[in-house]
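As a plain string of letters, each chain reads:
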Amino acid sequence: MEAVRLLSSGEPVALPTETVYGLAAAALDPTACARIFEAKERPFNDPLIVHLPASGWLDELCESSPLAWRLAETFWPGPLTLVLPRREVVPNIVTAHQNTVAVRMSAHPIFQNIIDAFGGPLAAPSANRFGRISPTQASHVMSELGGRIPLIVDAGPCLHGIESTIVSVRSNRLFLCRQGPVTREQLERFAPVTERREERTPGSLPTHYAPRTPCEFWKGDPPPAGLSVGLLAWNTRGKGFAQVEYLSDKQDLREAAAHLYTALRRLDEAGLDLILVERIPEVDLGVAIMERLVKATGSSQQSL
Ligand code: TXA
Ligand code: MG
């Protein structure tokens with residue numbers, strides 16, 4: 001398999017996961033990981049998520065705990081990333097010299113085939129240039145990283161469409177670093193959950209996921225005259241907009257998440273002066289979608 005050959009020789013390869021496309025490289029090879037930073041123009045102080053071939057690797061890379069294992073057994077393979085104390089074997093470039101490492105196990109069958117054949121952990125951040133919208137289709141990866149990486153494995157659109165939930169696991173508490181497909185309510189069944197606002201990681205800067213076009217929350221007014229304005233709509237039939245993208249005709253939050261980045265990217269590529277964004281209900285998956293929209297509009301000064 002071409003992807004496995006490239007990964008084994010230290011090259012980065014874009015791979016589908018169930019959340020978004022990732023740019024993968026051998027996690028235990030610092031030079032291979034450096035190529036990820038180079039292709040994405042990612043600052044070296046932003047740590048990478050490590051994807052495991054099997055949950056048994058948890059104890060190889062991290063100081064696990066009974067709580068970490070309960071979460072892994074319940075949600076893996078799937079869209080939950082655990083932040084745990086690292087072991088020595090994890091290169092500093094992966095953790096940005098922190099004493100923790102973020103690990104998950106992808107549920108995507110093609111990702112699983114490739115990582116099984118590769119036979120070791122793969123570091124894989126989202127396959128976009130730093131600070132840009134995460135790719136949920138191979139064509140998005142092509143427009144972000146085309147010409148910079150040797151291979152993009154195309155498996156069609158990603159199932160969830162938003163990045164994994166990230167939770168930092170402490171003795172008997174969970175700190176939610178990034179909202180995602182696994183909800184806070186699901187995590188609260190295992191331990192008390194606190195939103196971790198105080199400790200910022202660079203990838204959680206308020207303007208992450210930003211389109212290039214100015215982007216604001218819509219207050220319901222008609223679009224300003226003389227400007228070409230797009231609408232990212234939840235349930236309103238917008239009038240007078242140059243382009244409207246609906247997150248879900250059925251108002252289904254799963255569908256909205258799966259469609260979010262494609263819709264945002266389409267609006268961003270339409271040559272508009274302004275993108276207005278309709279707020280969506282902050283329940284279930286809506287919390288994770290709104291977290292992305294707040295960042296896309298740059299309207300948050302808080303870290304999440
Ligand atoms: O769904 C996902 O998680 C996707 C797919 C490809 O797996 N990956 C992804 O990676 O979203 P990335 O690099 O785009 O986002 C990873 C986030 C960054 O915000 C980074 O700062 C944070 O994880 N992170 C990584 N290691 C961490 C650590 N040790 N402690 C806290 N945050 C960490
Ligand atoms: Mg990312």
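Below is a summary of the structure that appears in this document.

Scoring rules and cut-offs
Residues numbered from 1 in each chain as written. Chains lettered and ligands numbered in written order. Predicted model: local features only at pLDDT ≥ 70, side-chain atom pairs only at ≥ 80, totals over all residues. Heavy atoms only, no water. Pairing = 2+ DSSP bridges. Helix = DSSP H or I, 4+ residues; strand = E, 2+ residues; numbered from the N terminus. Contact = heavy atoms within 4.5 Å. Axes fitted to C-alpha atoms, helices over the stretch in contact; angles between N-to-C directions. Buried < 20%, exposed > 50% of the residue type's maximum accessible area, 1.4 Å probe, protein only. Phe/Tyr/Trp six-rings, centres within 6.5 Å; stacked < 30°, edge-to-face > 60°. Lys NZ or Arg CZ within 6 Å of the ring centre and 35° of its normal. Near = heavy atom within 4 Å. Polar contact = N/O pair within 3.5 Å; in protein donor to acceptor, adjacent residues only side chain to side chain. Areas by Shrake-Rupley, 256 points an atom, 1.4 Å probe, with all protein chains shown as cover. Nonpolar A, V, L, I, M, F, W, Y, C, P; charged D, E, K, R; others polar. Salt bridge = Lys/Arg side-chain N within 4 Å of Asp/Glu carboxyl O.

What follows is about the sheet that holds strand β7 (residues 165-170). Strand order in the open sheet formed by nine strands is β1-β2-β6-β3-β5-β4-β7-β8-β9, with mixed pairing between adjacent strands. Where the open sheet ends on each side, the last strands, each with one partner, are β1 (13-15) and β9 (193-195). In terms of strand pairing, β1 meets strand β2 (residues 22-26) through three bridges, oriented antiparallel. Of the residues in β2, the one forming a bridge with A14 is L23. Sitting on the sheet, helix α4 (residues 66-75) is in contact with β4 (80-85), β7 and β8 (173-178), with an inclination near 160° to β4.

Right, let's talk about unusual backbone geometry for a bit. Most of the time, phi is negative for any residue but glycine, and the peptide bond is trans. The omega angle of the peptide bond from W76 to P77 is -10°, so this bond is cis rather than trans. Assignment of secondary structure puts P77 in the loop between α4 and β4. Despite not being glycine, Q251 shows a phi value in the positive range, around 55°. Of note, Q251 is situated in the loop between β12 (243-246) and α9 (253-268). Residues other than glycine seldom take positive phi values, yet D284 does so here, at roughly 45°. Position of D284 among the secondary structure elements: in the loop between β13 (274-277) and α10 (285-296). Look at D284 and you get exposed, because its relative accessible area is 52%.

Turning our attention to the packing of aromatic side chains. For the structure on display, the rule yields three aromatic pairs. Ring plane angle 85° and centroid distance 5.5 Å describe the contact between W218 and F241, whose orientation is recorded as edge-to-face. A residue pair is termed long-range when its members are at least 10 positions apart, and W218 in the loop between β10 (215-217) and β11 (229-233) and F241 in the loop between β11 and β12 qualify at 23 residues. By relative accessible area, which is 16% here, W218 ends up buried. According to the relative accessible area criterion, F241 is buried, its value standing at 12%. Its end group placed over the ring of Y246, R237 keeps NZ or CZ at 4.4 Å from the ring centre.

As a further point, take the site of ligand 1. Around ligand 1 sit 24 residues, and of these T19, D46, H51, S126 and S164 come closest. At 2.5 Å, a side-chain N or O of S164 approaches an oxygen atom of ligand 1. Protein contact buries 97% of the 680 Å² of open area that ligand 1 shows by itself. In terms of residue count, the dominant contributor to the shell around ligand 1 is strand β5 (residues 100-104) (four residues). Of the residues assigned to the shell around ligand 1, the class counts are ten nonpolar, eight polar and six charged.

Before going further, it helps to spend a moment on the pattern of salt bridges. This model, assessed by the stated rule, comprises 14 salt bridges. In this structure, the salt-bridge partner of R87 is E63, at a minimum N-O distance of 3.5 Å. Here R87, found in the loop between β4 and α5 (92-95), pairs with E63, found in the loop between α3 (58-61) and α4; they are 24 residues apart in sequence, far enough to count as distant. With its nearest N and O atoms 3.0 Å apart, the salt bridge here joins R266 to E245. Highlighted residues: R266 in helix α9 and E245 in strand β12, separated in sequence by 21 residues. Put simply, R132, E144, R265 and D268 are held in one network by salt bridges that share partners.

Shape descriptors only; they carry no functional weight alone.
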